[in-house]
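Structure at a glance
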Amino acid sequence: MHLHGTTKINRHGRLEIGGVDTAELAERFGTPLYVVDEALVRERCRQFMDAFRASGVPFEVSYASKAFCVKAIVRVVEEEGLSLDVVSDGELYTALEAGFPAKKIHFHGNNKTPEEIAMGLDAGIGCFVVDNFTEIALLNAMAGERGIRAKALLRITPGVEAHTHEFISTGQEDSKFGFNLAGGAAFEAVKATVAAPHLELLGVHSHIGSQIFEVEGFRLAAEKMADFAVEAKSKLGVSFPVVNLGGGFGIRYVEGDRPLPVAEYVKAITDAVKERFGAHGLPLPSIWVEPGRSIVGDAGTTLYTVGSVKDIPGVRKYVAVNGGMTDNPRPALYDAVYEAVLANRANDAPEETVSIAGKCCESGDMLIWDLDLPKVNAGDTLAVFCTGAYNYSMASNYNRLRRPAVAFVKDGVAELVVRRETYEDLVANDVVPERLRKLPAVNGR
Ligand SMILES: Cc1ncc(COP(=O)(O)O)c(C=O)c1O
Ligand SMILES: N[C@@H](CCCC[NH3+])C(=O)O
């Protein structure tokens, strides 16, 4: 069993996170419950910040809030000195509501609506990561209407494929994201941006994929960005003050996952940029990265209560929990794998191999296949590890399940940061047209 961050087994044989017994968490907040180890989030933030400081380059580490976007986490990353990526009006709204400094917010997305661009411009965000020619024209026009110049980073698809699950690779040429390098769109985009009177070109951005365990892809992308900077300088006289290499740094979900220490990814990136820019006599740009999963992923644990157990002799034993694809759609979407333990009997030896099913009306609603556990009973608490990234943020109300609560734990204290949805929340936006309203009962019928 791999215990992440402050997670440990206490003297009662129960799992404890941030110094808080999971039995107490389940009792106080109910289950399913997302538990976030705040100290581990802060440690991950510091690993990035410290590695960049050690490299001596100008930098920004921008938390990709799509991984987990709620006000409390925004507060934590601000306290740790990070910047923030948003990809929608909703994420931007959350960041601003949390008091995050607008200047340190970067707005991503392949189809930012005019309303989203207006919201970003009016808030005075730091930059837009511009994705396509439509956006160059729109952003220029909307900044012009306001009499300002918007800062723009151009998202480039560098043609680097990271070794990861196909569905979450975004760096290849055939992508809905960005301007491709090989086809010449990236070069045209630089020309169009510098010709736009209300845009200020900050530089270039690339993101090569997610859950990456090697430095090679980052190094290659960094080199391609540097070579592109050389081309832009020599042919157009344009400089890139910023080179952003995106996110995608892998984490350990299960045995066999071998992420590199954060410092190694950072060193590979900063070395490649330094070398390549230096070799061409270009000034060193500010180097930015956008980690999401590697900031919050392994700090999250989901607690569930075991309900029905169904044994099909000679086939398999299904153990169902009171959540599923609604709070964690990643196994269904990406065949993602997770480790889990019985939180209330964490020292008990494994006795059986079971598969963890969710409670949704969907055969694909399985959380873990073939998990070794002690004999499981209804009422046990199952803790699934590494659910901090892309779980709460991708959760749904399928089957009208209510989204779980989120609690931060730290130094023996648990605090609610998102309350569990209520039945009222579920129907709050429903409108019944007059003609469908139930007539008041007549004569008691
Ligand atoms: C542009 C961009 N930046 C950053 C991220 C964060 O990725 P990860 O959570 O894998 O670090 C993503 C998502 O993959 C992304 O699309
Ligand atoms: N949602 C994906 C990652 C998204 C990457 C896209 N930028 C996951 O759960 O792994």
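Numbers given for residues are sequential positions, taken from 1 along each chain in its written order. As they are written, the chains are lettered A onward and the ligands numbered 1 onward, keeping that order. Under the rules for a predicted model, residues below a pLDDT of 70 receive no local features and side-chain atom pairs below 80 are neither given nor counted, while totals for whole chains, interfaces and linings still include all residues. Calculated side-chain values reflect all of the structure's heavy atoms, with hydrogen atoms and water omitted.

Points about the UniProt feature "binding site: substrate" (unreviewed entry) in the protein
Under the convention used in this document: UniProt positions are given in the numbering used here, feature names are shortened, and annotations may be inferred rather than shown by experiment. Within 3.5 Å is the distance limit for a polar contact, defined as a pair of N or O atoms, with the added protein rule that one can donate a hydrogen and the other accept it, and that residues adjacent in sequence qualify only through two side-chain atoms. Strands here are runs of E lasting at least two residues and helices are runs of H or I lasting at least four, both read from the DSSP assignment and numbered beginning at the N terminus. Buried residues are those whose accessible area, probed at 1.4 Å on protein chains only, stays under 20% of the maximum for their type, while exposed residues exceed 50% and partly exposed ones sit between those limits. In what follows, a contact means two residues having at least one pair of non-hydrogen atoms within 4.5 Å.
According to UniProt, the feature "binding site: substrate" (unreviewed entry) maps to R293, R330, Y334, E362 and Y390 in the numbering used here. An extended arrangement is adopted by the annotated residues: their sequence extent is 98 residues, and the largest C-alpha distance between any two is 26.9 Å. At a separation of 2.7 Å, a polar atom in the side chain of R293 contacts the side chain of S210. With respect to the secondary-structure elements, R330 resides in helix α11 (residues 330-334). Judged by its relative accessible area of 5%, R330 is buried. The contacts of R330, once residues within four sequence positions are left out, are Y253, R293, D335, A336, Y338, A389, Y390 and N391.

Quick word on the packing of aromatic side chains
Quick note on the threshold: The rule is short: rings of Phe, Tyr and Trp, with Trp giving its six-membered ring, pair when the centres are within 6.5 Å, and they are stacked under 30 degrees, edge-to-face over 60, tilted in between. For a lysine, the NZ atom is tested; for an arginine, the CZ atom; a charge sits over a ring if that atom is within 6 Å of the ring centre and within 35 degrees of the ring normal.
Taken as a whole and judged by the stated rule, the model has 11 aromatic pairs. Considering the side-chain rings of F68 and Y392, the 6.0 Å spacing of their centres and the 85 degrees angle between planes classify their relative orientation as edge-to-face. Of this pair, F68 sits in the loop between β5 (59-64) and α3 (71-79) while Y392 sits in the loop between β19 (381-385) and β20 (405-410); the two residues are 324 residues apart in sequence, bridging distant segments of the chain. Look at Y392 and you get buried, because its relative accessible area is 19%. Put simply, the rings of F48, F218, F249 and Y265 touch in pairs and so form one group of aromatic residues. When the ring centre of F187 is taken as reference, the NZ or CZ atom of K235 above it lies at 5.4 Å. Above the plane of the ring of Y423 lies R402, whose end atom (NZ or CZ) is 4.1 Å from the centre.

Brief notes about the sheet that holds strand β3 (residues 20-21)
Filter applied, for reference: Only strands that DSSP links by at least two bridges are regarded as paired with each other.
The strand order across the open sheet built from three strands is β1-β2-β3, with neighbouring strands paired in antiparallel fashion. Every other strand in the sheet has two partners, leaving β1 (8-9) and β3 as the edge strands with one partner each. Where β1 meets strand β2 (residues 15-17), two bridges bridge the pair, whose relative direction is antiparallel. Paired with K8 across the two strands is E16, which belongs to β2.

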